[in-house]
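# An overview of the molecular structure
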Amino acid sequence: MLKWLITTVLALVLFSGLSRLLERFGFGRLPGDFNVRWRGRALPVPLGSTLVLSALAALIAFLL
């Protein structure tokens, strides 16, 4: 279970780093994506987009 937790955290970090590029394709505005304001900072929580990207990665891995 620890491997899945680490994988999920790494996917969220990677998505956060690529969020500007992926916003052009509509990611970050899907249902399930939240923007939380806390102490004057906006913290994006891209749950819906992460699920879509994970499904795409699983499909690509399955096809290869």
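Relevant structure appears above.
Overview of the structure. Residue positions are counted from 1 within each chain, in the order its sequence is given. Note on the predicted model: pLDDT of at least 70 is required for a residue's local features to be given, and 80 or more for side-chain atom pairs to be given and counted; whole-chain, interface and lining totals, by contrast, use all residues. Heavy atoms throughout the structure, all of them, feed into the side-chain values; hydrogens and water do not.

### A short note on the overall build of the protein
Rules: Counting from the N terminus, the helices are DSSP H or I runs at least four residues long and the strands are E runs at least two residues long. In this analysis, two residues are considered to be in contact whenever any of their non-hydrogen atoms come within 4.5 Å of each other.
Regarding its fold elements, the protein presents three helices and two strands. Seen in sequence order, the protein has helices and strands lined up from the N terminus as α-α-β-β-α. A principal-axis box enclosing the C-alpha atoms of the protein has dimensions of 45 × 30 × 20 Å. Long-range pairs, those at least 24 residues apart, make up 25% of the contacts in the protein with a sequence separation of at least 6.

### So, helix α3 (residues 47–63)
Condition: For a helix, the expected span equals 1.5 Å multiplied by the residue count minus one. Per-residue accessibility, obtained with a 1.4 Å probe over protein chains only, is compared with the maximum for each type, and a residue is labelled buried under 20%, exposed over 50%, and partly exposed between these values.
The terminal C-alpha atoms of α3 lie 24 Å apart, and with 17 residues this matches the ideal 24 Å at 1.5 Å per residue to within 8%. Along α3, the positions that sit buried rather than exposed are Gly 48, Ser 49 and Thr 50. Against the buried residues of α3 lie α1 (2–17), β1 (33–38) and β2 (41–46).

### Notes on the side chain of Ser 49
For clarity, the threshold we go by: Counted as a polar contact is a pair of N or O atoms within 3.5 Å, where, for protein atoms, one must be capable of donating a hydrogen and the other of accepting one, and residues adjacent in sequence contribute only when both atoms are in side chains.
As for its placement among the helices and strands, Ser 49 is situated in helix α3. Residue classification places Ser 49 among the buried residues on the basis of a relative accessible area of 0%. Of note is the side chain of Ser 49, whose polar atom sits 2.6 Å from the side chain of Asp 33. Contacts of Ser 49, omitting those with residues within four sequence positions, involve Phe 15, Phe 27, Gly 28, Leu 30 and Asp 33.

### What to know about unusual backbone geometry
The phi angle at Arg 39 is positive, at roughly 55°, despite the residue not being glycine. Mapped onto the elements, Arg 39 comes out in the loop between β1 and β2. Taking the relative accessible area as the measure of exposure, Arg 39 reaches 74% and is therefore exposed.

### What about the side chain of Asp 33?
For the record, the criterion: Asp and Glu are treated as the negative residues and Lys and Arg as the positive ones, with His and the ends of the chain left uncounted. Salt bridge, as applied in this entry: a Lys or Arg side-chain nitrogen positioned within 4 Å of an Asp or Glu carboxyl oxygen.
Here Asp 33 shows up in strand β1. Buried charge without a partner: Asp 33 forms no salt bridge, and the closest opposite charge is Arg 29, 7.8 Å away. Only 3.1 Å separates the side chain of Asp 33 from the backbone nitrogen of Leu 30, close enough to count as a polar contact. Sequence-distant contacts of Asp 33, defined by excluding residues within four places in its chain, comprise Gly 28, Val 45, Pro 46, Leu 47, Gly 48 and Ser 49.

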